[in-house]
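# Reading the structure
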Amino acid sequence: MSETGAFGEELADFVRRVAELRSARALPPEEQRGVLDAALFELQHAAETLWPRYERLAARAPEGTSAERQERQLLKTVFQRLPLPVVLIDRDTVVRRMNLAATTLTGVRAGYATGRPLAALLTPGDRAPFRSQVAATARGEGGRSLTVRLQQRPKEPVRATLAALALPGEPQQTVLLVLQPGVAGAGPNGPAGVGRRMAADPAGRREAGGAAGAEPPGPGGGFAGPGGTGAGFAGPGGAVRGRRRLGGAPDLVEATERAAALDLVDTVATTLLRTPPADARGAVEAAARVLHGRFADWVIADLTAAGDGSGDAGPGPGVVRRVLVLGPPDDPALAKELAAQDPADCPLVREVAAGGSTSLQVRPEDALALGTDTGGAAVLVRAEVSSLLCLPVAADAPGAGEPRVLAVLTLLRTRARRAFSMAEAQAADVLSRHVGLAMRRPDPPGR
């Protein structure tokens, strides 16, 4: 393995250890001394080992001649501008590179997807077959293709064609993945075409789903994106987005999203000011009703012991009871089951209530993060959740050094609705602090 690869692995291990230290904030104060010593040791390791190695790598002259560097830059540009969605993944489906067309199809930015398994973007039933075919391709058993479905568009088939690449300096083969939306095939193992091998001749390649061909043009010219619309690539929800210049100003979609987030924060703040003081539950429910439908398909509100005022944390890590569940009107049965669910049976709610950190998940990998329904089915699978945002509602308590979690708001978006963005998560974090202040608002003097 090259020195750069070894440095990357060591840096990844360092990041994982830091994540473990971050999760230790929920430990009792008397147990945090050892965590502090470990954090100081990791800082020393970063300053004395990782930083000098980075400086040595950065000081090296770029390899190859000027012509070779230009050739590599040309290949990078071709990869990014290729009109077909193309992704480079490893044998575990972890994304290494993703071009612009792939980010448009999946609705996930390349920077967010890198380092995360691509299988998490697929519907649960397609993940295992996809992982098996990727692993077989990486072992050198030949290229193949299969039909999969993205969680964002579960009804639209996407043809995934796999081929192994041996990259210089890499210890393992990289898998090249080409995605063709709207193209389905009938493979030997079923209608989805799972496990179809690519033949060596051109006819075999055509039989495998036409990996060498481009998407059919849309009615307005150009290539038809996920929404089936021509004249550019269709973004999430089928809306056509023009190509944004790298490093340019935010496009109209991003600007509109930011304005909507600010408007949401303003509406929640106005609603909270109208709620009566000393009514913690009323403040949480008022904010949840504003968020429902407008910002999330499902809104679940749980009160902790600190927010409920009971002073008894009960069996869970501070979660006392569920106070409100708001869902789509077409699924009242699930809403009734979630309202009767014990928050202690939801690992994600317990974690956020104990640690006080927001959790944003796009295509959640852990299907049991919100527990199961009365029939044993995972709530996230039954509700067809595509992204979730779990917010701690915290406020400074009198005489306390750190804010205490008063409630937990769980927001879910389902099916083809656009996933929560980082900007929306930041706006939700701001409004959760407003809710915490409203929950702590006392009665005016003289009442």
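The structure reproduced in this document is the subject of the present report. Computed from a predicted structure; not experimentally measured.

We now examine the packing of aromatic side chains. The final tally for this structure, using the stated rule, is 1 aromatic pair. Taken together, a centroid distance of 5.4 Å and an interplanar angle of 45 degrees make the contact between F295 and F420 tilted. Of this pair, F295 sits in the loop between α9 (280–291) and β9 (298–304) while F420 sits in the loop between β13 (404–414) and α14 (422–439), and the two are 125 residues apart along the sequence. Each member of the pair F295 and F420 is classed as buried. One Lys or Arg, R413, reaches over the ring of F295 and ends 5.1 Å from the middle of that ring.

A few words on empty space enclosed by the protein. On inspection of all chains with the given rule, the structure shows 3 cavities of 30 Å³ or more. The computed volume of the largest cavity comes to approximately 60 Å³. Looking at the largest cavity, the residues that line it are W298, P328, D330, D331, R382, A383, T414 and R415. Class assignment of the residues belonging to the lining of the largest cavity gives a composition of 3 nonpolar, 1 polar and 4 charged.

Taken residue by residue, helix α11 (residues 332–340) has L334, A335 and L338 as its buried positions. Seen end-on, α11 carries its buried residues on one side only, within an arc spanning 100 degrees. Counted as exposed and oriented over 90 degrees from the buried face of α11: P332, K336 and A340.

With that out of the way, let us pick up the pairing of strand β5 (residues 174–181). For β5, the buried fraction is high: 7 of the 8 residues fall into the buried class. Direction of pairing for strand β4 (residues 153–165) relative to β5: antiparallel, over a ladder of 8 bridges. Following the sheet pairing, A164 is matched in β5 by V175.

Take unusual backbone geometry next. One non-glycine residue, T93, lies in the positive phi region at around 70 degrees. Secondary-structure assignment places T93 in the loop between β1 (86–89) and β2 (95–98). Taking relative accessible area as the criterion, T93 reaches 0% and is therefore assigned buried.

Here the focus is the environment of L43. Here L43 lies in helix α2 (residues 32–59). Taking the relative accessible area as the measure of exposure, L43 reaches 58% and is therefore exposed. Sequence separation between L43 and F14 is 29 residues, and the spatial gap between their C-alpha atoms is 9.9 Å.

So, on to a positive patch on the surface. Together, R69, R72, K76 and R97 give the surface a local cluster of positive charge. Looking at the positive patch element by element, the count peaks at 3 residues for helix α3 (residues 66–81). With respect to the helices, strands and loops of the structure, R69 is situated in helix α3.

About the thresholds
Residues numbered from 1 in each chain as written. Predicted model: local features only at pLDDT ≥ 70, side-chain atom pairs only at ≥ 80, totals over all residues. Heavy atoms only, no water. Phe/Tyr/Trp six-rings, centres within 6.5 Å; stacked < 30°, edge-to-face > 60°. Helix = DSSP H or I, 4+ residues; strand = E, 2+ residues; numbered from the N terminus. Buried < 20%, exposed > 50% of the residue type's maximum accessible area, 1.4 Å probe, protein only. Lys NZ or Arg CZ within 6 Å of the ring centre and 35° of its normal. 1 Å grid on protein atoms, 1.4 Å probe; cavity = no way out; pocket = protein on both sides within 12 Å on 5 of 7 lines; lining within 4 Å. Points joined across faces, edges and corners; volume = space filled by probe spheres on them. Nonpolar A, V, L, I, M, F, W, Y, C, P; charged D, E, K, R; others polar. Arc of directions from axis to C-beta. Pairing = 2+ DSSP bridges. Patch = residues over 30% accessible without salt bridge, like charges linked within 9 Å, V, L, I, M, F, W, Y side chains within 5 Å. Areas by Shrake-Rupley, 256 points an atom, 1.4 Å probe, with all protein chains shown as cover. Salt bridge = Lys/Arg side-chain N within 4 Å of Asp/Glu carboxyl O. Lys, Arg positive; Asp, Glu negative; His and termini not counted. Charge placed at Lys NZ, Arg CZ, Asp CG, Glu CD.

Function cannot be read off these values alone, since they describe shape.
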